[in-house]
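# Close look at the chain arrangement
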Amino acid sequence: MSIRDLAYTVYARRLRASLKGAALPRHVGLIMDGNRRWARQMGMANPSLGHKFGADHVEDVLSWCEAAGIKHVTVFVCSTENLAHREDAEIAFLMRVIEQVVSDKIATPDPAWQMHIAGLLDALPDSTARALKNAEEVTRSCSTGAHVTLAVGYGGRQEVVDAFRALLHEQAETGASLADLAETLTAEDVARHLYTAGQPDPDLVIRTSGEQRMSNFLLWQSAYSELYFCEAYWPAFREIDFLRALRSYAARGRRHGA
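Predicted model, so just to flag it, every value in this text is computed and none were measured.

Below, the discussion takes up helix α5 (residues 88-106). Over its 19 residues, α5 runs 26 Å from end to end, which matches the ideal 27 Å to within 8%, given 1.5 Å per residue. Restricting attention to buried positions, one finds in α5 the residues Glu90, Ile91, Phe93, Leu94, Met95, Val97, Ile98, Glu99, Val101, Val102 and Ile106.

So, in structure tokens, the structure goes:
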């Protein structure tokens, strides 16, 4: 083991020790940004290869969450804007990567995480939608109590629009008028129609690559989330970066708007 590796190991151990007994997030949201920039930095001729390394890295990060006792994780994999504005070849490559990762890493015979989907499956290629649905079904019997949500073809604004649309249809089926809905509407009414219905809101949202914005990720759910921005590109996001994010979270006084 090199001196550098030894120093890393010692520092990671100290970070873990500092978190013992600390208030840790129940649910972490991850904006895995910087895959293509990392690939360029590494000298790769095809920046899209960064998506492959980034997707494979999700397994590592989930193992860190598992070790920290975090039972709910939402990973922002692909936005509706990505689908609309990226080149067809890049999107096709990304979809193949997603299919491979969910099939080989998540939908295993003895899954560690129950997988959920957030996003518009109709906007995805049929093979990708099938792979995601199959992984969701295969992991339904997961007994660990851990839940990972993959936000694929996802947009926070579209999610809220879809939730209101579903709520309006529900009200119409009961014969209630728009006036009735306006009188009784609550935040909980909307929340139960979100893609993430049944999951707790994220306590902590981590974004890599140094960008400091939400990019249409969990806009409704993250109203009171703590935010942490990390300079590292997603494929280079290390366990000590993750532990530092948890340390920062634990040091904050959460007031939930009070």
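On to unusual backbone geometry. Here the phi dihedral of Asn216 falls at roughly 70°; this positive angle occurs in a residue that is not glycine. For Asn216, the position within the fold is in the loop between β5 (204-207) and β6 (226-229). Overall, Asn216 belongs to the buried group, its relative accessible area being 15%. Its identity is not glycine, yet Leu218 carries a phi of approximately 45°, on the positive side. By the secondary structure assignment, Leu218 is in the loop between β5 and β6. Classification of Leu218 as buried rests on a relative accessible area of 2%.

Counting buried positions over the eight residues of strand β4 (residues 147-154) gives eight, a clear majority of the element. Examined bridge by bridge, strand β2 (residues 72-79) and β4 share seven bridges and lie parallel to one another. Note that in β4 the partner of Thr74 across the bridge is Thr149. Sheet topology note: the strand β3 (residues 114-118)/β4 ladder contains five bridges and is parallel. Paired with Ala118 across the two strands is Ala151, which belongs to β4.

Further remarks concern the layout of surface pockets. In this structure, the largest pocket spans a volume of roughly 830 Å³. Considering the residues around the largest pocket, the lining is formed by 39 residues, among which Met32, Asn35, Phe76, Val77 and Cys78 are closest to the centre. Sorting elements by how many residues they give to the lining of the largest pocket places helix α3 (residues 49-68) first, with eight residues. In terms of residue class, the lining of the largest pocket is built from 19 nonpolar, eight polar and 12 charged. Counted as a void, the second largest pocket has a volume near 190 Å³. Considering only residue class, the lining of the second largest pocket consists of five nonpolar, four polar and three charged.

A separate point is the environment of Pro25. Examined against the element boundaries, Pro25 turns out to sit in the loop between α1 (3-18) and β1 (27-31). For Pro25, a relative accessible area of 3% corresponds to the buried category. Put simply, Pro25 and Cys65 are 40 residues apart on the chain and 9.9 Å apart in space, counted from C-alpha to C-alpha. For Pro25, the residues in contact, after removing those within four places along its chain, are Ile70, Asp203, Leu204, Leu246 and Tyr249.

Bringing the packing of α3 against α5 into the picture now. For any two helices packed against each other, the geometry is given by the interaxial angle and the distance between the axes. In contact at an axis separation of 9 Å, α3 and α5 are set at 20° when each is read in the N-to-C sense. Between α3 and α5, the interaxial angle falls into the category roughly parallel. α5 is crossed by α3, and the crossing has right-handed handedness. Here α3 contributes Leu49, His51, Lys52, Ala55, Asp56 and Glu59 to the contact with α5, which in turn contributes Glu90, Phe93, Leu94, Val97, Gln100, Val101 and Lys105. Of the residues that constitute the contact of α3 with α5, the class distribution is six nonpolar, two polar and five charged.

Moving on, we get to the pattern of salt bridges. Counted by the stated rule, this structure contains 16 salt bridges. A salt bridge links Asp56 to Lys52; the shortest N-O distance between them is 2.6 Å. Placement of both Asp56 and Lys52 in helix α3 is noted, with a separation of four residues, approximately one turn of the helix. Relative accessible area serves as the criterion here: at 27%, Asp56 is assigned to the partly exposed category. Among the ionic pairs, Arg165 bridges to Asp162, the shortest N-O distance being 2.8 Å.

A few words now on the packing of aromatic side chains. This model, assessed by the stated rule, comprises eight aromatic pairs. Aromatic pair Trp38 and Phe53: ring centres 5.1 Å apart, planes at 55°, arrangement tilted. You can see Trp38 sitting in helix α2 (residues 35-41) and its partner Phe53 sitting in helix α3, a full 15 residues away along the chain. Taking the relative accessible area as the measure of exposure, Phe53 reaches 41% and is therefore partly exposed. The interplanar angle of 75° and the centroid separation of 6.3 Å between the aromatic rings of Tyr154 and Phe217 together place this pair among those described as edge-to-face. One end of the pair, Tyr154, is in strand β4; the other, Phe217, is in the loop between β5 and β6, and 63 residues separate them in sequence. Neither Tyr154 nor Phe217 differs from the other in exposure class; each is buried.

Thresholds applied
- Residues numbered from 1 in each chain as written.
- Predicted model: local features only at pLDDT ≥ 70, side-chain atom pairs only at ≥ 80, totals over all residues.
- Heavy atoms only, no water.
- Helix = DSSP H or I, 4+ residues; strand = E, 2+ residues; numbered from the N terminus.
- Expected span 1.5 Å × (residues − 1).
- Buried < 20%, exposed > 50% of the residue type's maximum accessible area, 1.4 Å probe, protein only.
- Pairing = 2+ DSSP bridges.
- 1 Å grid on protein atoms, 1.4 Å probe; cavity = no way out; pocket = protein on both sides within 12 Å on 5 of 7 lines; lining within 4 Å.
- Points joined across faces, edges and corners; volume = space filled by probe spheres on them.
- Nonpolar A, V, L, I, M, F, W, Y, C, P; charged D, E, K, R; others polar.
- Contact = heavy atoms within 4.5 Å.
- Axes fitted to C-alpha atoms, helices over the stretch in contact; angles between N-to-C directions.
- Parallel < 35°, antiparallel > 145°, perpendicular 65-115°, else oblique.
- Left-handed = near helix turned anticlockwise from the far one by under 90°.
- Salt bridge = Lys/Arg side-chain N within 4 Å of Asp/Glu carboxyl O.
- Phe/Tyr/Trp six-rings, centres within 6.5 Å; stacked < 30°, edge-to-face > 60°.

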